[in-house]
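What follows is the residue order along each chain.
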Amino acid sequence: MDTPLAAHAQDLSLVHEGGRIALDAISFSVRAGERVAIIGPSGAGKTTLLQLCTTALRQSSGTLALLGEDPWALGAGARRRLRRRIGLIHQSPPLPPRQRVVTAVLAGRLGAWSLSRALASLAYPADVEGARAALARVDLSDRVYDRCDRLSGGQAQRVGIARVLYQQPELILADEPVSALDPALSNYTVSVLVDEARVRNVTLIASLHAVDLALAHFPRVIGLRDGRVAFDLPTAAVDEARLESLYAQEGVLPVQGRELTLPRVRTPRAVRCN
Amino acid sequence: MNARGLLTLLVLGGLLWMSVAYLEFDTDGLFTLATLASFGRYVAQFFPPDTSGPFLIKLWSGTLETLAISALATLLAAIAGLLIAVPAAGRFGLAPRLAARFVLNALRSVPELVFAALMVIAAGLGPFPGTLALALHTTGVLGRLFAEALENTPREPAEALLHAGSPRIAAFCYGTLPNVLPQCVAYALYRWEINIRMAAVLGFVGAGGLGQMLHVSLSLFQQQQACAVILAMLAIVMLVDEASALLRRRLA
Amino acid sequence: MQLSAAAPLPARRDPAALPRLALTLLALAALWPALRITEFNPAVLFEPGNADTMARFLRQFVPPATAPDFLRLVGRSTLETLAIANVGIALAFLIAFPLSLLTSNALSKSAIGPARDWRARRALRYPGRALLIFLRGIPELVWALLFVRAVGLGPTAGVLALAITYGGMLGKVYAEIYESSATQPARALMQAGAGRLQAFFYGVLPVALPEMVSYTVYRWECAVRASVIMGFVGAGGLGQQLELSMRMLNGAEACTILLTFLLLVLLADAVSALFRRWLA
């Protein structure tokens, strides 16, 4: 296959100060234009992996190539240009409370704007229509001029999504992007992300807590557990046995944001609640 | 009244006694009837305050001058203080942090009056040296307050923008500034209030405003004019006090 | 898939645009006259005469004057400054204490029921408050200047100026401390029949004392700084020496005095922090 690799990890490890191993010799490849879901129990390392992919963290050992480049071998300017092409949707977006939604969304393109345009936009927003369009896709276009601290958790999460949509990166990373949304809205929002990736032919790597969302929208699933890759398969090949062993320590299988704690049976079952 | 309190009182009393002795207070000379009488005569010369038309006009322009000095000085200090506060908060590394902190400490340790005297040497008499002097001292004060506010503000918003490819300055303006700006504005307004009082007195060394008018009228033994100037100062201070209390109640 | 059933919104303009523009124009409109009134002209700094004098003065700063006679003089002036601050605060306390009792609402008998002497009390309270405002409102430097004219150069003027202004400040803050921390015990005692002074010493003072001491110590630290500043207009101490040296354009002496001042301020800061911790 001649398609370039959007992300390529080889024996990637991250050890925190104090010795705690967050990621242990992870290897995977994601081709440009692929859509991959990452699932796994809490503490598996999903967030850490995504932070590595957005160069917020640096690995302890191993190699990670993003969009064909090793970010830490680049100079600062080149790294900045690389970061511009990668966008991370935070689980809990760090929005300044008093900032207005329109400014928060427009901040997605700061990497492409000149300094004078960026500063001028603080006084008067430069591309209100663009921001509004991005917000419309997450059903928030009526909150364009509101302050970020007036939003609910779910609305703030969607503003973070709108910001990355406005950024239009080549590699979209999403860290539990719908954790604060109700089942119907989270289903819709994930489909918006998948559509974005498909229409613009860009890569999407999303970590999701609700397993059924992952299985429903993504053709490929990577299961993480204790910092290691438990499996890396096309969705069709993922069966319940694998899922149960992945989430064995939690005893429940998270679906649609709702979890059912079952009595202690040896093989926990997934119960679908629609 | 425990032992510690008693000991404190004794020590303080001792220090006070020593201070009084050191100053060699001529208490006999100070409180004799004759001295009090002459003091009373001196005070009587101040009344009634001069309220003639031309002098009132001078008083009004002196008041405006004082207000302008304080406002401009605070504005300059806020801008300069913010610029120096960024390295002082450690955003550029340890060496710039120490250098910036040193500059801020030096600026705020020197009293405004001393700066004013220095500035008068550098720029002659008038309101301009007063503005500069106040601005220099206030830069130190505001810069330190701003640096502390910057250090206490979360870094995540700006860092998230940096990781999305934003240049540093833009990330600062979009991620950090919205969080600290309200606090900085509050500090600046508070400092402006103090500076109005200060601007009124800086004139003693020739730096313009009501202070210079007071110095001149006292030197020319025009006590009634001096009285009017003092009353004007009092009026400004009380007005600013009331206005800021009102503003604080509105914003709270 | 459309989740919301709302009709498409009409294009709305930025609601913050107009207020921001108005504020900016207002600020600019105020800035221009301010620049003119203050004769703001940075070029003046670089005029040949001024620049030379300033440069010469600053060059003398290094090395600072260290002649033993001069250092002895500086040492004496420093002790004088400390003495001025001490006596000034002590007198300020003597002024502030009775005024605070007079003006505080914490000792108001009318608050708990009709008092026989309420007219007399009110007749005293308002002038008391006005007096405090008057004492506080006039900057201490003005008082210093007046006293220098009245009683001559030297520390007496400084002490009196400090006593008056800081008396006003301490009085206001003491009254507020009583009200914020000790109104209830005072009222309880007065309801049980105690007189105002008794209510104060048994009800208010135990609760309010730590805060009062803390604020007074902080004011002492400010007094040290103020003493130097007042000395500048002739009220004795380090400030008067500094003014003399600067008038003679003696940069070396001025530098020594400034350094001493910085050390003194640091010392006062440390002493005040230590003292407050020792009491706590």
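Each remark here, short or long, concerns the structure printed above.
**Topic: helix 10 (residues 209–219) of chain B**
- Buried residues dominate helix 10 of chain B, accounting for nine of its eleven residues.
- All of the buried residues in helix 10 of chain B are B:Gly209, B:Leu210, B:Gly211, B:Gln212, B:Met213, B:Leu214, B:His215, B:Ser217 and B:Leu218.

**Quick notes on the environment of B:Gln212**
- Looking at the secondary structure, you find B:Gln212 in helix 10.
- When the C-alpha atoms of B:Gln212 and B:Ala199 are compared, they prove to be 9.9 Å apart, with 13 residues separating the residues in sequence.

**Section: the interface of chain B and chain A**
- At the interface, 18 residues of chain B touch 25 residues of chain A.
- Among the secondary structure elements, those contributing two or more residues to the side of chain B that touches chain A are helix 8 (156–163) and helix 9 (168–202) of chain B.
- Partitioning the side of chain B that touches chain A into residue classes produces twelve nonpolar, five polar and one charged.

**Concerning the packing of helix 1 (residues 3–23) of chain B against helix 3 (residues 68–103) of chain C**
- Here helix 1 of chain B crosses helix 3 of chain C at 120 degrees, and the two axes come no closer than 9 Å. Put simply, helix 1 of chain B runs oblique to helix 3 of chain C. The two elements helix 1 of chain B and helix 3 of chain C cross, and the hand of that crossing is left-handed. Here B:Leu15, B:Leu16, B:Ser19, B:Val20, B:Tyr22 and B:Leu23 of helix 1 of chain B come into contact with helix 3 of chain C, specifically with C:Leu79, C:Glu80, C:Ala83, C:Asn86, C:Val87 and C:Ala90.
- Tallied by class, residues from the contact of helix 1 of chain B with helix 3 of chain C come to nine nonpolar, two polar and one charged.

**Here's the deal with the packing of helix 9 (residues 237–247) of chain C against helix 10 (residues 251–279) of chain C**
All names here are of chain C.
- Running from amino to carboxyl end, helix 9 crosses helix 10 at an angle of 155 degrees, the nearest separation of the two axes being 9 Å. One finds that helix 9 runs roughly antiparallel with respect to helix 10. For the crossing formed where helix 9 meets helix 10, the hand is left-handed. Contact residues: helix 9 offers Leu 238, Gln 241, Leu 242, Ser 245 and Met 246, while helix 10 offers Glu 253, Ala 254, Ile 257, Thr 260 and Phe 261.
- Residues that form the contact of helix 9 with helix 10 fall into these classes: six nonpolar, three polar and one charged.

Each value, and the rule that gives it
Residues numbered from 1 in each chain as written. Chains lettered and ligands numbered in written order. Predicted model: local features only at pLDDT ≥ 70, side-chain atom pairs only at ≥ 80, totals over all residues. Buried ≥ 20, exposed ≤ 12 C-beta atoms within 10 Å, placed from the backbone. Helix = DSSP H or I, 4+ residues; strand = E, 2+ residues; numbered from the N terminus. Contact = placed C-beta atoms within 7 Å. Nonpolar A, V, L, I, M, F, W, Y, C, P; charged D, E, K, R; others polar. Axes fitted to C-alpha atoms, helices over the stretch in contact; angles between N-to-C directions. Parallel < 35°, antiparallel > 145°, perpendicular 65-115°, else oblique. Left-handed = near helix turned anticlockwise from the far one by under 90°.

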